[in-house]
Amino acid sequence: MERTFLAIKPDGVQRGLIGEIIRRYEAKGFTLVGLKLMNVSRELAEKHYGVHKEKPFFPGLVEFITSGPVVAMVWEGEGVIASARKIIGATNPLTAEPGTIRGDYGVSIGRNIIHGSDAPETAQSEIALWFTSEELASWQPTINPWVYE
Ligand code: DAT
Ligand code: MG
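Residues numbered from 1 in each chain as written. Chains lettered and ligands numbered in written order. Predicted model: local features only at pLDDT ≥ 70, side-chain atom pairs only at ≥ 80, totals over all residues. Heavy atoms only, no water.

Q: Got a sec to walk through the overall build of the protein? Specific residues and values, please.
A: Across its full length, the protein carries 8 helices and 4 strands. Starting at the N terminus and ending at the C terminus, the protein contains elements arranged as β-α-α-β-α-α-β-α-α-β-α-α. Taken over the C-alpha atoms alone, the protein extends approximately 45 × 35 × 25 Å along its principal axes. Going through the 149 residues of the protein one by one, you find that 46% of them count as buried. (Helix = DSSP H or I, 4+ residues; strand = E, 2+ residues; numbered from the N terminus. Buried < 20%, exposed > 50% of the residue type's maximum accessible area, 1.4 Å probe, protein only.)

Here's what the structure looks like:
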C-alpha cells in the first residue's frame, strides 16, 4: 500500500488547523500510520528542502519551517501520494482551488499551511528523513472493506 509524508507547517499549527486537516484525510478514507508534533532543526529543514537550496526563497523557507512546531505525519492508502497533493491544492494559496486546504485557508505562498510529498521517490525519502520505522504503526482499519472495493 502506498504511503506519503505530510507536514502541517508552523502557520497551520498556530492557526488551529491541525484537527481540520487530519479530519479531511481521515474522512477521505486514508489511514494515519505516523504522527508527531515536533520542532524542526535547521539541519532537518535544510535536508527536507534541499532541492530548493539555490532558490532565493530558501533562507526564508528554512527560517519559517523552524519557527514553531510542525505536525509530521505519514498517511497510507491507494493513490495517497497524488490524492493528498490534490487535497492540499496548488503551491500559491491564491490560485489554489476553493475546497483544497491551501485554497480554503491560505493567502501567501510563504504561509501555505501544509507540505505533501510530490512523487513516490520523494515520499519514500521524506518518510525516512522524518520518521524511524519504530514510529510507524502498520494497521488495518476495520472499515477498509467499506472504503475499498
Ligand atoms: P509545494 O510545497 O507545493 O511542493 P514547492 O516544492 O515548489 O511547493 O516549494 C516548497 C515550498 O517553498 C512551498 O510550499 C512554499 C515555498 N515557495 C515555493 N515557491 C516560492 C516562492 N516563489 N516564493 C516564496 N516561497 C516559495
Ligand atoms: Mg514540493
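Okay, back to it.
Q: Provide a residue-level description of a nonpolar patch on the surface, including the pertinent values.
A: A contiguous nonpolar surface patch, about 380 Å² in accessible area, is contributed by I143, W146 and V147. Looking at the element boundaries, V147 is found in helix α8 (residues 144–147). What makes V147 partly exposed here is its relative accessible area of 34%. (Patch = residues over 30% accessible without salt bridge, like charges linked within 9 Å, V, L, I, M, F, W, Y side chains within 5 Å. Areas by Shrake-Rupley, 256 points an atom, 1.4 Å probe, with all protein chains shown as cover. Salt bridge = Lys/Arg side-chain N within 4 Å of Asp/Glu carboxyl O.)

Q: Could you give an account of the site of ligand 1, naming the residues involved and the relevant values?
A: Taken together, the neighbourhood of ligand 1 is formed by K9, Y49, H52, F57, L61, R85, T91, R102, I109 and N112. In this structure, an oxygen atom belonging to ligand 1 sits 2.6 Å away from a side-chain N or O atom of T91. Between ligand 1 and N112 there is a distance of 2.8 Å, counted from an oxygen atom to a side-chain nitrogen or oxygen. For the shell around ligand 1, the per-class residue count stands at 4 nonpolar, 3 polar and 3 charged. (Near = heavy atom within 4 Å. Polar contact = N/O pair within 3.5 Å; in protein donor to acceptor, adjacent residues only side chain to side chain. Nonpolar A, V, L, I, M, F, W, Y, C, P; charged D, E, K, R; others polar.)

Q: How would you sum up the sheet that holds strand β1 (residues 3–8)? Please name residues and give values.
A: Read across the open sheet, the 4 strands follow the order β2-β3-β1-β4; overall the sheet is antiparallel. The open sheet has two free edges, formed respectively by β2 (31–38) and β4 (114–116), since each of these has just one partner strand. Each adjacent strand pair in this sheet contributes to an overall mean axis angle of 15°, direction not counted. Pairing of β2 with strand β3 (residues 70–76) involves 7 bridges; the strand directions are antiparallel. From the neighbouring strand, L32 faces β3, where its bridge partner is W75. (Pairing = 2+ DSSP bridges. Axes fitted to C-alpha atoms, helices over the stretch in contact; angles between N-to-C directions.)

Q: Break down the environment of W146 for me, with residues and values.
A: Secondary-structure assignment places W146 in helix α8. Remark: the alpha-carbon pair of W146 and V51, spanning 95 residues in sequence, is separated by 39 Å.

Q: For the nonpolar core, give the residues involved together with the corresponding values.
A: L6, I21, Y25, M73, W75, I101 and I114 are the most contacted members of the largest nonpolar core, which has 20 residues in total. Secondary-structure elements contributing two or more residues to this core are β1, α2 (18–28), β3 and α5 (80–88). Considering every element that reaches this core, the biggest residue donor is α5, with 5 residues. Listed in part, the 19 residues of the second largest apolar core include F5, V40, F131 and L136. (Core = buried A, V, L, I, M, F, W, Y, C linked by side-chain atoms within 4.5 Å.)

Q: Provide a residue-level description of the pattern of salt bridges, including the pertinent values.
A: When charged atoms on two side chains of opposite charge get close, those side chains can pair. Taken as a whole and judged by the stated rule, the model has 8 salt bridges. Note that E46 is salt-bridged to R42, the shortest N-O span being 3.9 Å. Remark: R42 and E46 occur in helix α3 (residues 42–48); sequence separation between them is 4 residues, near one turn of the helix. In this structure, E43 engages K47 in a salt bridge whose closest nitrogen and oxygen atoms are separated by 3.4 Å. With E43 and K47 both in helix α3, this residue pair falls 4 residues apart, about one helical turn. The class for E43 is exposed, based on a relative accessible area of 53%. Residues joined in a network through salt bridges with shared partners are E20, R23, R24 and D104.

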